[in-house]
Amino acid sequence: MKNAKKYIIGASALLIILVGCGVAVGRALTNDDEYMYDDTPKAMEQILTEIRSHMQDYSVAAYIVPSVDAHNSEYISQHDRRYQYVTNFTGSAGTAIITLEKALIWTDSRYHLQAENQLDFTYWTLMKEGVPGVPTRDQWLLDNLPSGSQIGTDPFLIASTEFDRLGRVLYAGGHRLITLERNLVDIVWNNRPPQTNGPLIPLDVKYSGKRASAKIAELRESLDTHKATAIVINGLDEIAWLLNLRGSDIRYNPIFFGYVIVSRGQILLFTNPDRINETIQEHFRSEGITVIVREYGQILAGIKDLTDDGDKLIVSTSCSQAIYAQVPADQRIQVYSIVATTKAVKNSVEAEGMRKAHIRDGAAVVRYLHWLEENITENITELSGAAQLREFRSMQENFVDLSFTAISAFGPNGAIVHYSPTEETDTLITRDNVYLIDSGGQYWDGTTDITRSVHMGEPTAFQKEAFTRVLKGFLSLGSAVFPTKTSGTFFDAMARRALWDVGLDYGHGTGHGIGSFLGVHEYPPSIVSNSASPSNQGLQENMFTSNEPGYYEANEFGIRLEDIVQVVKANVAHDFQGRGALTFYTNTVAPLQTKLMDVTLMSDREVELVNNYHERVLREVGALLLEQQADDAYVWLGKQTQPIAKS
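Note that the structure is predicted; figures quoted are calculated from it, not measured.

Asks: Which parts of the structure should I look at to understand the overall build of the protein chain?
Replies: Secondary structure assignment for the protein chain yields 19 helices and 30 strands. Here the C-alpha atoms of the protein chain give a radius of gyration of 25 Å, agreeing with the 26 Å that 2.2 N^0.38 yields for 647 residues. Principal-axis analysis of the C-alpha atoms places the extent of the protein chain at approximately 80 × 60 × 50 Å. Taken over 647 residues, the protein chain has a buried fraction of 57%. Accessible area for the protein chain stands at about 26,100 Å²; split by element, carbon and sulfur atoms hold 49% of it. Here the protein chain holds 57 positive side-chain charges and 79 negative ones, and the gap between their average locations is 5 Å.

Structure follows, in structure tokens:
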């Protein structure tokens with residue numbers, strides 16, 4: 001083992017056995033000067049060989065490489081794409097495990113086809129999560145490692161709750177989970193992109209709806225509730241929301257790298273101090289707050305300053321093991337993120353902004369679908385189509401950027417749930433199959449996410465059936481009436497019912513929260529089948545969530561419909577005995593292709609819902625199209641929203 005001293009917790013290197021569960025938190029010292037860096041790209045074999053060499057140095061039999069960054073972000077910067085670097089797999093979710101002899105990657109059904117296309121199976125084994133017979137990561141480690149093995153990971157890249165859970169599982173099997181001071185991927189990543197450090201952007205109160213001082217005051221009330229002195233905030237979207245600031249450190253996500261600690265008397269922001277210019281200082285003054293700025297990398301030292309004074313700190317269940325371990329157990333209070341829970345319920349200004357942003361976004365989508373149909377014979381590809389949609393969005397008022405890379409997928413590519421076209425995979429869009437376009441925009445007053453599936457030719461009977469069964473679940477969820485705090489699990493089953501009736505299904509969740517000029521994915525809320533999911537906290541008024549059932553026929557086509565819906569009060573006769581009756585208001589306004597509907601499978605109520613929705617789309621989006629002098633698109637929209645009827 002490399003020469004490394006062992007210290008008590010809080011020193012520069014750690015090796016601590018947690019009494020009661022036997023989990024080891026080990027930080028091995030590494031001297032950067034030992035490693036020579038150059039810009040020559042490394043082959044997969046060299047990357048894995050070098051990582052395994054360092055594993056032997058630190059006596060670990062397996063090394064875990066997760067797909068997140070230090071803030072447990074879903075979307076990450078190029079600088080943090082360690083998982084992609086070692087695997088060549090670009091999916092946004094998964095876990096790689098490297099042993100001295102094997103390399104395996106676990107990912108869920110959204111990415112199975114994508115992983116099959118991107119992994120080099122000379123070096124990697126794909127473990128398809130959820131497929132019968134495929135062991136979980138836990139089980140594989142227990143079954144395949146020698147007795148008494150150490151499994152290593154980076155303490156900043158594993159949530160404390162997952163570290164505790166996995167550590168207990170491994171300890172029961174005779175192993176130890178440890179954390180290393182240096183990330184082994186970082187050591188071998190010779191041409192790693194630099195960390196992004198873009199300028200900060202003040203968000204005016206006309207968009208935020210509430211000054212930062214009011215948000216901080218409410219947060220401090222939670223300190224009293226939990227009898228705590230301070231709270232550590234690690235979620236990047238939470239920090240941006242709390243301070244009414246935006247950034248550009250992660251592509252398509254208006255957030256910036258930082259941590260915040262709020263105490264009763266101070267607000268500490270850990271980020272690059274160089275970007276706290278006079279504009280940002282004036283923003284803080286106008287928001288009624290005083291912010292003390294420290295270097296981003298000083299977060300652990302900042303926590304230690306507080307705990308040395310005996311303060312009790314609140315940390316989130318999503319915080320990294322590094323942050324969690326820095327707070328002594330008797331001074332630590334861990335709860336689901338208070339900021340995330342508060343942020344999920346939009347204020348009236350945010351809610352109104354989301355509605356307006358979706359109308360403008362709907363106009364962009366309509367103009368694109370009209371353009372696509374008119375120009376389908378002009379060699380339009382997935383990439384050129386997505387570029388044109390971006391152009392239509394850029395014409396809209398308050399447009400800032402896309403909210404994610406468009407999933408522009410024709411035919412078989414549509415069956416890859418999170419497919420994004422590349423120069424190598426770019427496919428011609430024709431009239432011969434289903435085209436799925438999942439896209440969104442970032443506007444000053446809201447974030448959008450919409451999916452439509454269309455066929456420019458003659459769909460098959462099965463494609464029409466699949467589309468209609470997806471539509472039936474989509475309409476059922478969107479028109480539901482329910483009591484306050486109803487679990488997302490209820491809606492997930494509701495959306496799948498028509499597919500389940502004939503033995504069809506889809507492998508992803510049915511709904512995710514969405515930010516207000518923030519992340520396109522935001523939790524809570526979530527609509528998933530797993531009732532134990534921490535973000536499945538039940539729906540409340542003014543939460544926003546996606547409604548997105550789908551169906552995917554491997555190597556043939558994919559169908560998904562997605563709207564963003566807002567939880568609103570329901571106008572019904574009763575009130576669930578005082579619990580409060582809620583329903584959904586659909587923010588997204590863009591036509592559903594009637595050509596793909598098998599009306600014989602639809603009820604009278606479903607036909608009515610489609611017709612009423614299309615009447616609203618024509619009214620709201622049509623007015624904007626006429627204002628934009630997009631007369632041809634308006635005429636096209638009128639045809640697409642003609643009422644349907646059961647024969």
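Asks: What's the story with the layout of surface pockets in this structure? I'm lost.
Replies: In this approach, a probe sized like a water molecule rolls over the atoms, and the result shows the empty space that is left. The computed volume of the second largest pocket comes to approximately 580 Å³. Lining the second largest pocket we find 25 residues, and of these Ala70, Arg82, Asp154, Phe156 and Tyr296 sit closest to its centre. Counting residues per element, the lining of the second largest pocket draws most heavily on helix 11 (residues 299-308), at 3 residues. Tallied by class, residues from the lining of the second largest pocket come to 11 nonpolar, 6 polar and 8 charged.

Asks: What should I look at first to understand the nonpolar core in this one?
Replies: Core analysis: the largest hydrophobic core is formed by 83 residues, its most contacted members being Tyr368 and Leu471. Per-element tally for this core: the top contributor is helix 14 (residues 348-374), with 9 residues. Leaving out residues up to four positions away in the same chain, Leu471 has contacts with Leu561, Leu592, Met597, Met602 and Val610. Ala212, Val262, Leu269 and Ile280 belong to the second-largest nonpolar core, a separate cluster that totals 34 residues.

Asks: It is not clear to me how the sheet that holds strand 20 (residues 441-443) should be interpreted in this structure. Could you clarify?
Replies: Picture the strands of a sheet paired through backbone hydrogen bonds; they go either parallel or antiparallel. Taken in spatial order, the 3 strands line up as 17-20-21 in an open sheet, and their pairing is antiparallel. In this open sheet, the two edge strands, each paired with only one partner strand, are strand 17 (399-402) and strand 21 (446-447). Looking at chain direction, strand 20 and strand 21 are connected through 2 bridges and run antiparallel. The partner of Gln442 across the bridge, within strand 21, is Thr447. The strands that helix 15 (residues 382-394) touches are strand 17 and strand 20; relative to strand 17, the one it contacts most, it runs at about 160 degrees.

Asks: I'm lost on empty space enclosed by the protein in this one. Help?
Replies: Applying the stated criterion across every chain, the model contains 7 cavities of 30 Å³ or more. Taken as a whole, the largest cavity holds about 90 Å³ of empty space. Taken together, Leu369, Glu373, Arg452, Ser453, Val454, Met456, Pro591, Leu592, Gln593, Trp636 and Gln640 form the lining of the largest cavity. Secondary-structure elements contributing two or more residues to the lining of the largest cavity are helix 14, strand 22 (450-455) and helix 19 (631-640). Here the element with the most residues in the lining of the largest cavity is strand 22; it accounts for 3 residues. When the residues that make up the lining of the largest cavity are grouped by side-chain class, the tally is 6 nonpolar, 3 polar and 2 charged.

Asks: Explanation requested: the packing of aromatic side chains in the structure shown.
Replies: Aromatic ring pairs are defined here through the distance separating the ring centres and the angle between the ring planes. Evaluated as defined, the whole model comprises 17 aromatic pairs. Ring geometry for Phe462 and Phe557: centres 6.0 Å apart, planes at 65 degrees, overall edge-to-face. Here the residue Phe462 occupies a position in helix 16 (residues 461-478), and Phe557 occupies one in strand 28 (residues 557-560), the gap between them amounting to 95 residues. On the basis of relative accessible area, Phe462 is assigned to the partly exposed category, the value being 32%. Feature note: the residues Phe482, Phe490, Phe491 and Phe584 constitute an aromatic cluster, connected by ring pairs. For the cation-ring pair, Arg355 lies above Tyr585, with the distance from its terminal atom to the ring centre recorded as 3.7 Å. Note that Arg496 overlies the ring of Tyr506, its terminal NZ or CZ placed 3.9 Å from the centroid.

Calculation criteria
For every chain, the first residue of the written sequence is number 1, and numbering continues from 1 along that sequence. The model is predicted, so local features are restricted to residues of pLDDT at least 70 and side-chain atom pairs to those at 80 or more, both for listing and for counting; the totals for chains, interfaces and linings are taken over all residues. The side-chain figures draw on all heavy atoms in the structure; neither hydrogens nor water molecules are used. Strands are runs of DSSP state E lasting at least 2 residues, helices are runs of H or I lasting at least 4, and numbering of each runs from the N terminus. For the radius of gyration, the atom set is restricted to C-alpha positions; the globular benchmark scales as 2.2 Å times the number of residues to the power 0.38. Exposure categories follow from relative accessible area, calculated using a 1.4 Å probe and restricted to protein chains: below 20% of the type maximum is buried, above 50% is exposed, and the middle band is partly exposed. In these tables, accessible area is a Shrake-Rupley quantity obtained with a 1.4 Å probe, and a residue counts as shielded only by the protein chains included in the view. By the counting rule applied here, Lys and Arg register as positive and Asp and Glu as negative, while His and the ends of each chain are not counted. Where a charge sits is defined by one atom per residue type, namely NZ (Lys), CZ (Arg), CG (Asp) or CD (Glu). Both site types are read off a 1 Å grid over the protein atoms alone. A 1.4 Å probe that fits but cannot get out defines a cavity, while an open set with protein on both sides within 12 Å along at least five of seven lines defines a pocket; lining residues have an atom within 4 Å of a point. Grid points are joined across faces, edges and corners, and a volume is the space filled by probe spheres set on the points. Side-chain classes follow a simple rule in which Ala, Val, Leu, Ile, Met, Phe, Trp, Tyr, Cys and Pro form the nonpolar group, Asp, Glu, Lys and Arg form the charged group, and the remainder, Gly included, forms the polar group. We define a nonpolar core as any set of buried Ala, Val, Leu, Ile, Met, Phe, Trp, Tyr and Cys residues linked to one another through side-chain atoms lying within 4.5 Å. The contact definition used throughout considers only heavy atoms, calling two residues in contact when any of these lie within 4.5 Å. Strands pair, by our definition, only if DSSP identifies at least two bridges between them. As a rule, the C-alpha atoms of each element are fitted with a line to give its axis, helices using only the stretch in contact, and angles between N-to-C directions run from 0 to 180 degrees. Working definition: a ring pair exists when centres of Phe, Tyr or Trp rings (six-membered ring for Trp) sit within 6.5 Å. Plane angles under 30 degrees give stacked, over 60 give edge-to-face, the rest tilted. Lysine NZ or arginine CZ positioned within 6 Å of the ring centre and within 35 degrees of the ring normal marks a charge as sitting over the ring.

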